[in-house]
Structures are given as C-alpha cells and as structure tokens.
There are 6 protein chains.
Amino acid sequence: MFVSNPELRARGLAVFEELFGGEAMAAVKRDMDGVCPDFIDMTIEWAMGGITARPGLDLITRELVVIASCVTLGHTVTQLRAHTQAALEAGATKEQIVEAILQIQFYAGGASVRNALANVKDILQAAA
Amino acid sequence: MFVSNPELRARGLAVFEELFGGEAMAAVKRDMDGVCPDFIDMTIEWAMGGITARPGLDLITRELVVIASCVTLGHTVTQLRAHTQAALEAGATKEQIVEAILQIQFYAGGASVRNALANVKDILQAAA
Amino acid sequence: MFVSNPELRARGLAVFEELFGGEAMAAVKRDMDGVCPDFIDMTIEWAMGGITARPGLDLITRELVVIASCVTLGHTVTQLRAHTQAALEAGATKEQIVEAILQIQFYAGGASVRNALANVKDILQAAA
Amino acid sequence: MFVSNPELRARGLAVFEELFGGEAMAAVKRDMDGVCPDFIDMTIEWAMGGITARPGLDLITRELVVIASCVTLGHTVTQLRAHTQAALEAGATKEQIVEAILQIQFYAGGASVRNALANVKDILQAAA
Amino acid sequence: MFVSNPELRARGLAVFEELFGGEAMAAVKRDMDGVCPDFIDMTIEWAMGGITARPGLDLITRELVVIASCVTLGHTVTQLRAHTQAALEAGATKEQIVEAILQIQFYAGGASVRNALANVKDILQAAA
Amino acid sequence: MFVSNPELRARGLAVFEELFGGEAMAAVKRDMDGVCPDFIDMTIEWAMGGITARPGLDLITRELVVIASCVTLGHTVTQLRAHTQAALEAGATKEQIVEAILQIQFYAGGASVRNALANVKDILQAAA
C-alpha cells in the first residue's frame with residue numbers, strides 16, 4: 001500500500017545505515033512484521049530520507065534535538081536509547097550528549113532528566 | 001528567602017544578558033513581581049549560571065535543544081519565542097532553527113511542529 | 001441521557017458552590033449549552049460530589065494537588081485559574097499556593113511553573 | 001464511601017463484561033484491593049455505565065478513540081493493550097486498529113505510534 | 001529541497017480538498033510562507049496522501065481519532081478545530097463528534113475534554 | 001564544575017535525609033556515577049535545599065503536590081514511588097495519599113490515576 005519514492009528511499013537507507021546500523025533495521029522489521037510493515041517505509045523515506053537527510057543542520061545537532069524531544073516526552077525510552085547511540089555514531093561526544101540532556105532540565109523537568117541520564121548511562125559508558 | 005551564590009549569579013547574569021538582553025529581564029521581573037520574585041533568582045543562578053553557562057556544549061546547540069523541548073511541550077509558546085530569539089543572538093542561522101524544529105516532527109508530532117513554526121515566523125523573518 | 005444520583009448531586013452542588021460560586025456555574029453552563037450539557041452533570045456529580053466531597057483529605061490540599069496537575073498539563077489555564085480562586089475560597093493563603101506551584105519545578109519544569117505563576121498573578125494579588 | 005447508582009452500575013457491568021470479560025474485572029480488583037476499591041466503582045459506573053454505554057457513537061469507534069488517546073499519552077500501555085483487546089471484542093478488525101494508530105502519527109508523533117504498534121502486536125496477531 | 005512523489009501528491013491533494021477545502025490550504029501556505037514551505041508538501045504527501053488516504057478505515061473514523069489525539073495533547077487547538085470541521089465534511093454527525101470527545105474523559109482528563117468541547121462549540125453549532 | 005553553596009547544601013542534605021534516607025542517596029549516586037554526578041548536587045542544593053526546604057508550605061503538602069505532578073506526567077514511576085515513601089516519612093497518612101491521587105482524576109485522567117495507585121500499592125500497604 002505504501003507508495004515508495006526511490007530517491008527518498010536511497011537517501012533514507014544511507015542515513016539509517018550511518019546512524020543506526022544493520023541491527024537496528026532488523027529490530028524495526030521484527031517489531032513491525034505482521035502488524036504494520038509500511039511503518040518501516042515511512043520511517044526510512046519520510047523521517048530519514050525526507051527530514052534527517054536534509055541539509056542546513058549537521059547530523060550531531062539533529063540527533064541532539066531528537067534526544068531533547070524524547071527526554072521531554074519521557075515515555076519513549078527505546079527511541080532515547082537508539083538516538084543516543086546514533087548521536088555517538090554521528091560523532092557527538094559523551095559530554096555533549098550529557099550536557100544536551102541536562103540543558104532541558106528547566107523545560108522537561110528534573111525527573112525526566114534524571115530518568116533519561118539513568119536510561120542512557122550504559123550506552124555512554126560503553127562509548128567512553 | 002532565596003540563598004544567592006555570587007559566582008553563579010555573575011555567570012547567570014552574563015549568559016542572560018548575552019542571550020536575552022535587558023528587556024527580557026524587565027519582562028521576567030514584571031511577571032514575577034508581587035508573586036514570586038525568587039523565581040527570577042532561580043532562573044538566573046540555577047538555569048542560566050548553573051546550567052546554560054556550563055562548558056561542554058556550545059550556546060547555539062544549547063538553545064536548539066531548549067527549542068526542541070518547548071516544541072514538544074507545545075504549550076510553552078512564550079519560552080519557544082524567547083529561545084528562538086536567543087538562538088539567533090547566539091549565532092544560529094534561521095535555517096538551523098527551522099531544521100531543528102522540523103527534525104523532531106516524528107517525535108513531537110507534525111501538529112506541534114506546524115504550530116511552532118507559525119509561532120516563531122515573525123522572529124525568524126525579522127532576523128533574515 | 002445523564003443518569004443522576006440525588007445524593008451525589010446534593011454533595012456536588014454544595015462543594016461547587018463553596019469553591020467556585022454561582023458565577024462559575026453560569027460559565028460552565030454557557031460553555032456547554034448546545035454542545036454537551038451532560039458534561040456539567042458529570043462535573044457536579046462525579047468530580048465534585050463523588051471525589052472532591054470525599055473525606056480523608058482537606059479541601060485546601062485537594063485544591064493544591066489539582067493546581068499541581070494543571071501546572072503539569074500546562075495547557076489547562078482556565079482550570080488553573082479557577083482552582084487558584086477555589087484554593088483561596090477554601091482558605092489557602094497566597095503563600096501556600098505560590099509554594100505549591102514552585103514545589104513542582106523539578107517535575108513539571110521551570111517554564112510551566114513560570115507561566116503558571118504569571119497566569120494566576122492577578123488572582124493572587126486581588127486576594128492579598 | 002462510594003455512592004452507587006443501580007442503573008449506571010447495571011449498564012456499566014454489561015459494557016465492561018462485553019468489552020473486557022471477567023478476567024479484566026479480576027485484574028482491576030486485584031490492583032485496587034487494599035488501595036482504593038472505590039476506583040473500581042468509579043470505572044464501572046462513571047467511565048463504563050455513564051460514558052461508554054451512551055448512545056450516539058458505536059462501541060468500535062468508542063474503543064478506537066480511546067486507543068488514540070492512549071497512544072498520545074504514551075505511558076498508558078496497560079490501557080492501550082486492554083482497549084485493543086476490547087476493540088476486537090466490539091468487532092473491530094485488526095486492520096481498523098492498525099490504521100487508527102497509524103492515522104495519529106502526525107499528532108502523537110511517530111515514536112509513540114511505533115511503540116504502540118509494537119506493544120499491541122501480540123494481541124493483534126492472536127486475533128488474526 | 002522536498003522530493004515530491006506525484007502519486008502521493010495527487011492522493012493528498014484530493015483528500016485535503018475533500019476534508020478542508022481551499023481556504024485551509026491558503027491558511028497553511030500563509031503560515032509556512034517564508035519559514036518552511038516544505039512543511040506543506042510533507043502534510044499533503046505524507047500525512048494526507050500517505051496516511052489519511054489509505055484504505056482500511058473510513059474517513060469519519062480517521063477524523064475522530066485525530067480529534068481524540070488533539071484533545072489529549074491539549075495545546076493543538078488550531079488542529080482540533082480544523083479536524084472537527086473536517087469530520088463534519090466527511091459526514092460525521094455533531095453527536096458523534098461530541099461523544100468521541102466525551103469518551104476519552106477518563107484518559108485525557110475532564111479538563112482537556114471541557115476545553116475541547118468549548119473550543120469546537122461554534123463549529124458544531126454552525127453545523128446543526 | 002558544579003558551584004556549591006554551603007548553606008543550600010546543608011539545608012538540602014537535611015531535607016533529603018528526612019524524606020528519603022541514606023539508601024535513596026546511594027541510589028541517586030549509583031545512577032549518576034560516571035554519567036552526570038553534578039545532577040546529584042543540583043538535586044540536593046536546588047530542588048531540596050532551594051525549594052523543598054522553603055517555609056510557607058508544610059512538607060506533607062509539598063510531597064502531595066509532587067505526587068500529583070508525577071501522576072500527571074505518567075512516566076515518572078521511580079519518582080512517584082520515591083515521593084510516596086517520602087510523604088509517609090513526612091507524616092502523611094495512607095488515606096491522604098490515596099485521596100490526593102484520586103483527586104486529580106478529572107485532570108490527569110483515570111488511566112494515569114489507576115496506574116499510579118497500582119504502582120504505589122506495595123508502599124502504602126507496607127506502611128499500613
């Protein structure tokens with residue numbers, strides 16, 4: 001049912017591979033298999049190819065604002081962890097990620113910030 | 001009742017002045033006057049001096065993650081506008097701000113993104 | 001269509017009258033007239049008669065936790081203002097209300113707290 | 001302490017039984033036992049008997065809008081799963097449920113949608 | 001910068017025209033002009049052509065779940081009003097819309113429901 | 001990097017010890033160790049020493065409004081449980097805590113209230 005766009009697909013797959021790697025793709029496919037496989041295509045072509053691959057903002061900053069949004073939502077722990085790993089892949093330092101999370105304490109609240117820091121601790125420590 | 005810390009105060013006032021300017025300080029004081037003046041000190045010494053003034057992440061990125069948090073909350077339009085202006089003062093381009101807001105479309109939702117873009121349009125156009 | 005319970009109705013009207021007064025009832029009726037008048041009955045019998053009128057917690061504290069919930073939601077400004085007035089009617093001091101809002105700064109975030117304090121300023125000042 | 005209304009109770013129990021079955025009632029009772037048993041009565045008489053049992057909207061659509069609200073809240077996974085099962089009991093197809101969740105992607109955000117789809121996958125597959 | 005897909009574009013424009021009409025398109029263009037015109041294309045091709053135009057769920061129900069999501073978010077009043085009008089255009093009755101909003105009272109909260117009903121009152125009354 | 005204030009530190013440690021005890025401090029330190037130890041100081045000096053230790057509102061009520069904020073956020077289960085224990089330490093009765101959570105049902109929604117009651121059940125039962 002999904003109408004694919006070859007150009008967006010190519011861009012999206014390239015960004016996805018760079019940020020998340022092949023294992024993440026397998027995980028999304030496993031999650032969506034038998035429920036809504038089209039969601040994978042929307043992620044690849046729209047979110048990745050259509051937005052993340054745009055010029056005008058570097059990949060590190062794109063990942064840091066996504067992390068900020070996930071910390072603020074609070075319940076999207078899977079995505080918070082995936083984009084913390086992606087930020088590291090894009091070249092962010094552990095310190096930049098910690099400071100980005102800490103920076104939104106007066107907006108998302110300290111409780112959300114503490115939970116976020118605790119939730120990504122192992123990823124950041126493995127990267128140090 | 002507020003217990004001030006001269007070092008945090010000095011740092012906080014410097015960052016506040018750099019990002020928001022003197023008119024913003026007058027606005028906060030007017031808002032909090034007769035209700036909770038201590039809130040201004042908490043903003044200056046904790047949020048500005050204690051967090052925003054930390055090393056490890058540049059001011060432009062700090063403002064962009066705050067913008068991402070405000071877009072995700074949705075109802076903090078006053079802060080979204082203030083930090084859009086602050087991002088510009090810190091040296092962000094109009095394009096970087098637009099891309100940062102657009103980037104969180106698959107996390108905060110498209111409705112929040114559209115409203116945010118419409119709410120900061122005049123600030124971005126005045127800066128162009 | 002609403003199935004009324006005379007006992008809950010009596011309790012609810014008494015609490016509503018004590019906390020909000022007759023003008024608030026007129027405002028709810030005006031809002032819901034021609035859309036969903038049953039919503040008024042749900043508010044009176046369930047929220048007021050069935051919950052707020054329960055023993056086990058004093059009215060001042062009941063109003064302060066409602067205020068905390070409204071500050072956290074962020075977008076329910078009408079209710080924040082109504083319950084600030086109600087807290088005063090129940091006997092809360094201006095200082096208790098300000099401290100209750102300030103207390104949740106590390107949970108709801110400082111931006112929500114600042115907007116809440118600014119939004120109830122006139123009510124608190126009129127009460128001083 | 002709860003003031004019961006026999007008519008709402010009868011309606012509520014009928015709807016609850018139709019949508020959730022006896023096991024769900026046992027689960028709610030187990031959760032609330034020793035904490036707040038009145039909450040079960042509020043659920044039965046107000047949420048079920050007083051709202052879900054109303055005419056004017058079919059049960060399938062009532063369940064789909066509740067699912068949409070749970071996806072948007074993000075953290076109410078228990079309720080999302082219960083109402084997905086309830087939607088199926090009411091006669092919704094697996095496809096209708098998936099499309100309803102997918103439809104709010106530009107409002108609740110893609111991350112909430114993906115997590116919701118993954119969280120109800122086993123229920124939908126068991127129903128196919 | 002936006003990579004268009006003619007098939008999605010055609011589908012999206014047809015759905016948009018059916019649900020919102022030409023004035024809404026002018027409003028979106030005015031909002032996004034000079035800020036992020038690509039956002040309009042994302043709305044048309046992804047949200048409308050790629051999701052709302054999918055088979056498997058009727059347009060009335062699609063609009064009602066979007067309304068439920070907007071009521072739950074609370075701050076997206078512009079979208080709540082637009083989709084209430086769209087639900088009517090799709091053929092929903094005033095009663096169905098009111099019941100859909102009322103149905104999520106125990107998920108989004110009564111305050112959000114009351115504000116939503118008040119915010120769409122004029123649209124529903126004009127349609128009666 | 002954190003700039004400490006001895007007076008706030010002393011106040012904060014006293015309140016923290018009174019409300020949460022030594023084990024909670026060990027848990028925060030374990031969570032933040034190797035990620036962001038400064039966050040512990042912010043919690044002690046700002047949230048505890050700078051806000052919770054203020055006069056004007058008793059500790060029981062301070063804990064109840066924090067609980068209300070956590071119930072409304074929904075995803076901060078760790079904090080909800082910690083502050084439920086803290087409310088008991090401050091002298092709140094089990095009934096006051098249950099009523100405070102129940103009171104916000106029409107603001108945070110019944111689903112959030114049910115999940116909160118279930119999440120603190122063991123703490124309240126151990127205290128009875």
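None of the values given here were measured: they were computed from a predicted structure.

**Q** It is not clear to me how the overall build of chain A should be interpreted in this structure. Could you clarify?
**A** Counting secondary structure elements, chain A contains eight helices and zero strands. Its helices and strands taken in sequence order, chain A reads α-α-α-α-α-α-α-α from the N to the C terminus. Scaling as 2.2 N^0.38, a compact globule of 128 residues should have a C-alpha radius of gyration of about 14 Å, and chain A matches this with 15 Å. Principal-axis analysis of the C-alpha atoms places the extent of chain A at approximately 45 × 35 × 30 Å. Expressed as a percentage of its 128 residues, the buried residues of chain A come to 63%. Put simply, of all contacts in chain A between residues at least 6 apart along the chain, 67% involve residues at least 24 apart. Once the 10 positive and 15 negative side-chain charges of chain A are each reduced to a mean point, those two points are 4 Å apart.

**Q** When you look at the relation of the copies chain B and chain A in this model, what are you seeing that I'm missing?
**A** Two chain copies, one operation linking them: a rotation about an axis together with a shift along it. Each copy of the sequence occupies a distinct position, and chain B is placed on chain A by a rotation of 180° and an axial shift of 0.0 Å, giving an RMSD of 0.0 Å. Both copies of the chain, as the preceding transformation shows, are related through a two-fold rotation axis. Mapped onto chain A, 100% of the interface residues of chain B are again interface residues, and the two copies thus contact each other with one and the same surface.

**Q** In this structure, what is going on with the side chain of Ser112 of chain D? I would like to understand it.
**A** Along the chain, the position of Ser112 of chain D falls in helix α8 (residues 110–127). A relative accessible area of 4% means that Ser112 of chain D is categorised as buried. With residues up to four places along the chain from it excluded, the contact list for Ser112 of chain D reads His75 of chain A together with Val71 of chain D.

**Q** Help me understand the interface of chain B and chain A in this model?
**A** Facing 31 residues of chain B, the contacting portion of chain A comprises 31 residues. Between the two partners, chain B and chain A, sit four salt bridges. Two residues, Arg54 of chain A and Glu99 of chain B, come together in a salt bridge whose shortest N-O distance is 2.9 Å. Counting across the chain B and chain A interface gives twelve residue pairs in polar contact (both at pLDDT 80 or more).

**Q** Looking at this structure, I do not really get the pattern of salt bridges. What am I missing?
**A** Residue and element names in this part refer to chain A. Using the criterion set out here, one finds 48 salt bridges over all chains in the structure. Asp41 is the partner of Arg9 in a salt bridge, and the nearest nitrogen-oxygen pair spans 3.0 Å. Here the residue Arg9 occupies a position in helix α1 (residues 6–19), and Asp41 occupies one in helix α3 (residues 38–52), the gap between them amounting to 32 residues. The class for Arg9 is partly exposed, based on a relative accessible area of 27%.

**Q** Just to check I follow, could you spell out the interface of chain F and chain B for this structure?
**A** Many structure descriptions define interface size as the accessible area lost when the parts assemble. At the interface, 14 residues of chain F touch 14 residues of chain B. With both chains or domains summed, chain F and chain B bury close to 1400 Å², and 67% of this area falls on carbon and sulfur atoms. When the area that chain F buries against chain B is broken down by residue, the three leading residues are Val3, Trp46 and Arg54 of chain F, summing to 44%. At the surface where chain F touches chain B, the tally comes to two salt bridges.

**Q** What should I look at first to understand the relation of the copies chain F and chain B in this one?
**A** Each copy of the sequence occupies a distinct position, and chain F is placed on chain B by a rotation of 180° and an axial shift of 0.0 Å, giving an RMSD of 0.0 Å. Counting the interface residues of chain F, we find that 100% of their copies in chain B are interface residues as well, pointing to one common contact surface.

**Q** How should the side chain of Glu63 of chain A be read in this particular structure?
**A** Residues and elements named next belong to chain A. Residue position: Glu63 is located in helix α4 (residues 59–73). Arg62 is the oppositely charged side chain nearest to the buried, salt-bridge-free Glu63, at an N-O distance of 8.1 Å. Dropping the residues within four chain positions of it, Glu63 is found in contact with Leu19, His83, Ala86 and Ala87.

**Q** Would you mind going over the nonpolar core with me for this structure?
**A** Soluble globular proteins: nonpolar side chains tend toward being buried together. Of all hydrophobic cores here, the largest spans 294 residues; its most connected members are Leu117 of chain B, Leu117 of chain C, Leu117 of chain E together with Leu117 of chain F. Considering each element in turn, this core owes the most residues, ten residues, to helix α3 (residues 59–73) of chain E. Setting aside residues up to four positions removed in sequence, Leu117 of chain C forms contacts with Met32, Val35, Cys36 and Phe39 of chain B together with Val98, Ile101 and Leu102 of chain C.

**Q** Would you mind showing me how to read the state of the cysteines here?
**A** Should the sulfur atoms of two cysteines be covalently bonded, the bond is a disulfide. Under the counting rule described, the total for this entry stands at zero disulfides over all chains. No disulfide involves Cys36 of chain D; its sulfur sits 19 Å from that of Cys70 of chain F, the nearest cysteine. The thiol of Cys70 of chain F is unpaired, and the distance to the nearest cysteine sulfur, on Cys70 of chain C, comes to 16 Å. Residue classification places Cys70 of chain F among the buried residues on the basis of a relative accessible area of 2%.

**Q** Can you walk me through the packing of aromatic side chains in this structure?
**A** The description of two aromatic rings rests on the distance between their centres and on the angle between their planes. Residue and element names in this part refer to chain B. On inspection of all chains with the given rule, the structure shows 24 aromatic pairs over all chains. Measuring from centroid to centroid gives 5.7 Å for Phe2 and Trp46, while their planes differ by 45°, and the two rings are tilted. On the criterion of sequence distance, the pair formed by Phe2 in the segment before α1 (6–19) and Trp46 in helix α3 (residues 38–52) is long-range, its members being 44 residues apart. Here Phe2 falls in the buried class, since its relative accessible area comes to 16%.

**Q** Sorry, what's going on with helix α6 (residues 94–103) of chain A here?
**A** Along an α-helix, a turn takes 3.6 residues, which lines up residues three or four apart on a common side. Counting buried residues along α6 of chain A, seven of its ten residues qualify, which places the element largely inside the surrounding structure. Every buried residue of α6 of chain A is listed here: Ile97, Val98, Glu99, Ala100, Ile101, Leu102 and Gln103 of chain A.

**Q** I keep staring at the packing of helix α4 (residues 59–73) of chain C against helix α4 (residues 59–73) of chain F and nothing clicks. Help me out?
**A** For any two helices packed against each other, the geometry comes down to the angle between their axes and how far apart the axes lie. Running from N to C, α4 of chain C and α4 of chain F cross one another at 40°; their axes reach a closest spacing of 8 Å. Our classification of the angle between α4 of chain C and α4 of chain F gives oblique. The two elements α4 of chain C and α4 of chain F cross, and the hand of that crossing is right-handed. Residues Thr61, Leu64, Val65, Ala68, Ser69, Thr72 and Leu73 of chain C of α4 of chain C touch α4 of chain F, and the partners they reach there are Thr61, Leu64, Val65, Ala68, Ser69, Thr72 and Leu73 of chain F.

**Q** Can you help me understand α1 of chain B in this one?
**A** Residue and element names in this part refer to chain B. Under the 1.5 Å per step criterion, the end-to-end length of α1 is 20 Å for 14 residues, consistent within 8% with the ideal 20 Å. Those residues of α1 not exposed but buried are Leu8, Gly12, Val15, Phe16 and Leu19. Down the axis, α1 shows its buried residues gathered within 100° of arc, on one side only. Against the buried residues of α1 lie α2 (21–32), α3, α4 (59–73) and α5 (77–90). Where α1 begins, one side-chain oxygen reaches toward the backbone nitrogen of Glu7, 3.1 Å away; that side chain belongs to Asn5.

**Q** Is there a simple way to explain the environment of Met1 of chain B in this structure?
**A** Locating Met1 of chain B in the fold gives a position in the segment before α1. In the structure, Met1 of chain B is positioned 36 residues away from Pro37 of chain B in sequence and 9.9 Å away in space, judged by C-alpha atoms. Those residues within four positions of Met1 of chain B in sequence are excluded, and the remaining contacts are Asp38 of chain B, Glu99 of chain C together with Arg11, Arg54 and Pro55 of chain F.

**Q** Which parts of the structure should I look at to understand the packing of helix α2 (residues 21–32) of chain A against α3 of chain A?
**A** Where α2 of chain A contacts α3 of chain A, the two axes come as close as 8 Å, and the packing angle between them is 145°. Contact with α2 of chain A, carried on its side by Met25, Val28, Lys29 and Met32 of chain A, involves Phe39, Ile40 and Ile44 of chain A of α3 of chain A and no other residues of that element.

**Q** Help me out: how do you make sense of the environment of Glu89 of chain C in this one?
**A** All names here are of chain C. Along the chain, the position of Glu89 falls in helix α5 (residues 77–90). Taking the C-alpha atoms as reference, Glu89 lies 12 Å from Leu64; in sequence the two are 25 residues apart. If we skip the residues at most four places from it in the chain, Glu89 touches Glu18 and Leu19.

**Q** What is the right way to read the environment of Ser4 of chain B from this model?
**A** Residue and element names in this part refer to chain B. Along the chain, Ser4 falls in the segment before α1. On a C-alpha basis, the gap between Ser4 and Ala127 in space is 36 Å, while along the polypeptide they are 123 residues apart. There is a polar contact of 2.5 Å between the side chain of Ser4 and the side chain of Glu45.

Reading the values: the criteria
- Residues numbered from 1 in each chain as written.
- Chains lettered and ligands numbered in written order.
- Predicted model: local features only at pLDDT ≥ 70, side-chain atom pairs only at ≥ 80, totals over all residues.
- Heavy atoms only, no water.
- Helix = DSSP H or I, 4+ residues; strand = E, 2+ residues; numbered from the N terminus.
- Rg over C-alpha atoms; globule rule 2.2 N^0.38 Å.
- Buried < 20%, exposed > 50% of the residue type's maximum accessible area, 1.4 Å probe, protein only.
- Contact = heavy atoms within 4.5 Å.
- Lys, Arg positive; Asp, Glu negative; His and termini not counted.
- Charge placed at Lys NZ, Arg CZ, Asp CG, Glu CD.
- Least-squares fit on C-alpha atoms with pLDDT ≥ 70 in both.
- Salt bridge = Lys/Arg side-chain N within 4 Å of Asp/Glu carboxyl O.
- Polar contact = N/O pair within 3.5 Å; in protein donor to acceptor, adjacent residues only side chain to side chain.
- Buried area = accessible area lost by both parts, 1.4 Å probe.
- Core = buried A, V, L, I, M, F, W, Y, C linked by side-chain atoms within 4.5 Å.
- Disulfide = S-S within 2.5 Å.
- Phe/Tyr/Trp six-rings, centres within 6.5 Å; stacked < 30°, edge-to-face > 60°.
- Axes fitted to C-alpha atoms, helices over the stretch in contact; angles between N-to-C directions.
- Parallel < 35°, antiparallel > 145°, perpendicular 65-115°, else oblique.
- Left-handed = near helix turned anticlockwise from the far one by under 90°.
- Expected span 1.5 Å × (residues − 1).
- Arc of directions from axis to C-beta.

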